[in-house]
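Structural features, examined
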Amino acid sequence: EYVNYIENDTYLKTARFGISPLKFGTGFQLKVLTYMAYGLAPVVFKERAESPLEHGVNAFVAETYDEFCDYCLRLWNNIELCQRMGKAARESVENFYSKDRLLTDLNSIIDKYLNGH
């Protein structure tokens, strides 16, 4: 049952995977990162695939509607694949948004501000 995107622990904790069937729009990255943070591998279109998404590792990136549907079916029918890719998705978010990276980015912003850049 597709219930649209809902930031609700009950849905996110019980879902097998996440989907974002949009090629355009706002809030996309936040939705996908939320899925990944909950350990759900997202299925997205190529037009929206940004880091830390890695096709076949922590997400499925489709080029066509048929591929998108195929990837959803593959995840739906293979719980082990969901778990493996979901674990990789969670780890990708943890590594991509590590404390060290966030501090480095913050220091860069502060340095630019203080130096008038």
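Presented here is a report on the structure given in the accompanying data block. (Residues numbered from 1 in each chain as written. Predicted model: local features only at pLDDT ≥ 70, side-chain atom pairs only at ≥ 80, totals over all residues. Heavy atoms only, no water.)

1. Quick look at the sheet that holds strand 1 (residues 18-19)
The condition that has to hold: A pair of strands is labelled paired if DSSP reports no fewer than 2 bridges between them. Helix and strand assignments come from DSSP, with helices taken as H or I runs of at least 4 residues and strands as E runs of at least 2, each series counted from the N terminus. Residues are treated as being in contact if the distance between any of their heavy atoms lies within 4.5 Å. Here, axes are lines fitted to C-alpha atoms. For helices the fit covers the stretch in contact, and angles between N-to-C directions go from 0 to 180 degrees.
Strand order across the open sheet formed by 3 strands is 1-2-3, with parallel pairing between neighbours. Where the open sheet ends on each side, the last strands, each with one partner, are strand 1 and strand 3 (60-62). Sheet analysis places strand 2 (residues 42-45) next to strand 3, joined by 3 bridges and oriented parallel. Bridging across to strand 3, V44 finds its partner in V61. In the packing of helix 2 (residues 28-37) onto the sheet, the strands contacted are strand 1 and strand 2, and the crossing angle to strand 2 comes to about 155°.

2. Let's talk about the nonpolar core
Cut-off, in case you're wondering: Throughout this description, the term nonpolar core refers to a set of buried Ala, Val, Leu, Ile, Met, Phe, Trp, Tyr and Cys residues connected via side-chain atoms within 4.5 Å. Only protein chains enter the accessibility calculation, which uses a 1.4 Å probe; a residue whose area is less than 20% of its type maximum is buried, one above 50% is exposed, and one in between is partly exposed.
F17, V43, F60, F68 and L75 are the most contacted members of the largest nonpolar core, which totals 14 residues. Those elements that place two or more of their residues in this core are strand 2, strand 3, helix 3 (65-77) and helix 4 (79-96). At 4 residues, the largest contribution of residues to this core is made by helix 3. Discounting residues that sit within four places of it in the chain, V43 has contacts with F17, G18, I19, S20, F60, F68, Y71, C72 and L75. Counting residues in each nonpolar core, the second largest holds 10 residues, with L33, A59, V61 and V93 among its members.

3. Focus on a nonpolar patch on the surface
Our working rule: Excluding any residue in a salt bridge, patches collect residues exceeding 30% relative accessible area, merging like charges within 9 Å and nonpolar Val, Leu, Ile, Met, Phe, Trp and Tyr side chains within 5 Å. Residue exposure ignores everything except the shown protein chains as possible cover, and the areas themselves are Shrake-Rupley values with a 1.4 Å probe. Counted as salt bridges are all cases of a side-chain nitrogen of Lys or Arg within 4 Å of a carboxyl oxygen of Asp or Glu.
The grouping of L103, L106, I110, Y113 and L114 at the surface amounts to a nonpolar patch, some 560 Å² of accessible area in total. Mapped onto the elements of the fold, L103 is located in helix 5 (residues 99-114).

4. Here's the deal with helix 5
Note the cut-off: Multiply 1.5 Å by the residue count of a helix minus one, and that product is the helix's expected span.
Along its 16 residues, helix 5 runs 22 Å from first to last C-alpha, staying within 8% of the 22 Å computed at 1.5 Å per residue. Immediately downstream of helix 5, the backbone of G116 shows phi near 70°, a positive value.

5. A look at the pattern of salt bridges
Working definition: two side chains of opposite charge can pair if their charged atoms are close together. Overall, the coordinates contain 4 salt bridges when judged by the stated rule. Where D70 meets R74, a salt bridge forms, and the shortest distance between an N and an O atom there is 3.8 Å. Of this pair, D70 and R74 both sit in helix 3, 4 residues apart, which is roughly one turn of that helix. Close ionic contact of E94 with R90 constitutes a salt bridge, the shortest N to O distance being 3.0 Å. Placement of the pair is E94 and R90 together in helix 4, with a separation of 4 residues, close to one helical turn.

6. Observations concerning the packing of aromatic side chains
Using the following cut-off: Two aromatic rings, drawn from Phe, Tyr or Trp (for Trp, its six-membered ring), form a pair once their centres lie within 6.5 Å of each other, and the interplanar angle then sorts them: stacked below 30 degrees, edge-to-face above 60, tilted otherwise. Two limits define a charge over a ring: the Lys NZ or Arg CZ must be within 6 Å of the ring centre, and within 35 degrees of the ring normal.
Per the counting criterion, the structure on display carries 4 aromatic pairs. Judged by centre distance (4.8 Å) and plane angle (80°), the ring pair of F96 and Y97 falls under edge-to-face. Under the relative-accessibility criterion, Y97 is labelled partly exposed at 35%. Here a set of aromatic residues connected by ring pairs shows up, and it is made of F45, Y65 and F68. Across the ring face of F96, the terminal group of R101 is positioned such that the distance to the ring centre comes to 4.1 Å.

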